[in-house]
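# Fold and geometry: a report
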Amino acid sequence: MKRQNKILKDFRKLHLLYEEGAIFTAFDTETTGLSPTNCRIIEIGAIKFSKEGIIQTYSQLFNPQCEIPYFISQLTHINQDMVDCCKTINCHLPDFLEMINNTILIAHNAQFDLNFLNAECEKSGLESTKNKVIDTLQYSKWAFPELEKHKLDFLADYFKINKGSSHRAFDDAETCRQLFLKCNEVRK
């Protein structure tokens, strides 16, 4: 799978982008496993925002047309009954892609979510995303190198960010957005 997205690594410039009014979309996916080739997205959550505030939100479950492994159901609390009545991702993907168009994407361990998103685009006959991306895993390591861990749950607890339901896409996207804002306060 060809990578189309440019991961932004000049963290010193992110504050300037934010202050100049750039529009960002923090997003997260929940999936049936770890392989974007063999597994499917079962949920996307996203929050489009700028320094002015939240512009748009997105939260959608999808029918993966396969069984959700027990481990994934235990982790995400998304069970087969919840997705069997949903439409497949290809029915919703154009709307999501329209929402993120011309925004800078933000995700924690971003390559994982991007690989799945772009694999689903390919499976749906749609063009892969070309958005610039901020990985809050890398951003938090730059902003807070003294911390022993940089997992999203750990950072949320450390900074007292309300995690909502961890491993649900919308709540993780909001946690990621809050973490981005926290990292963005750091000046080096």
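In case you missed it, the structure is sitting above this.
Below you will find a few notes about this structure. Predicted model only: the values in this text are computed from it and were never measured.

Another point: the packing of aromatic side chains. For the coordinates displayed, the defined rule picks out 15 aromatic pairs. For the ring pair Phe-49 and Phe-180, a centre distance of 6.0 Å and an interplane angle of 65 degrees mean the geometry is edge-to-face. Placement of Phe-49 in strand E3 (residues 41-50) and of Phe-180 in helix H8 (residues 169-184) is noted, with a sequence separation of 131 residues between them. We note that Phe-49, like Phe-180, is buried. Ring centres of Phe-112 and Phe-116 lie 4.9 Å apart, and the angle between their planes is 50 degrees; on these two criteria the pair is classed as tilted. Linking Phe-112 with Phe-116, this pair stays in helix H5 (residues 110-123), spanning 4 residues, or about one helical turn. We classify Phe-112 as partly exposed; its relative accessible area is 26%. On the basis of relative accessibility, which here comes to 1%, the residue Phe-116 falls in the buried class. The aromatic ring of Phe-49 is capped on one face by Arg-177, whose charged end is 5.4 Å from the ring centroid.

Calculation criteria
Residues numbered from 1 in each chain as written. Predicted model: local features only at pLDDT ≥ 70, side-chain atom pairs only at ≥ 80, totals over all residues. Heavy atoms only, no water. Phe/Tyr/Trp six-rings, centres within 6.5 Å; stacked < 30°, edge-to-face > 60°. Helix = DSSP H or I, 4+ residues; strand = E, 2+ residues; numbered from the N terminus. Buried < 20%, exposed > 50% of the residue type's maximum accessible area, 1.4 Å probe, protein only. Lys NZ or Arg CZ within 6 Å of the ring centre and 35° of its normal.

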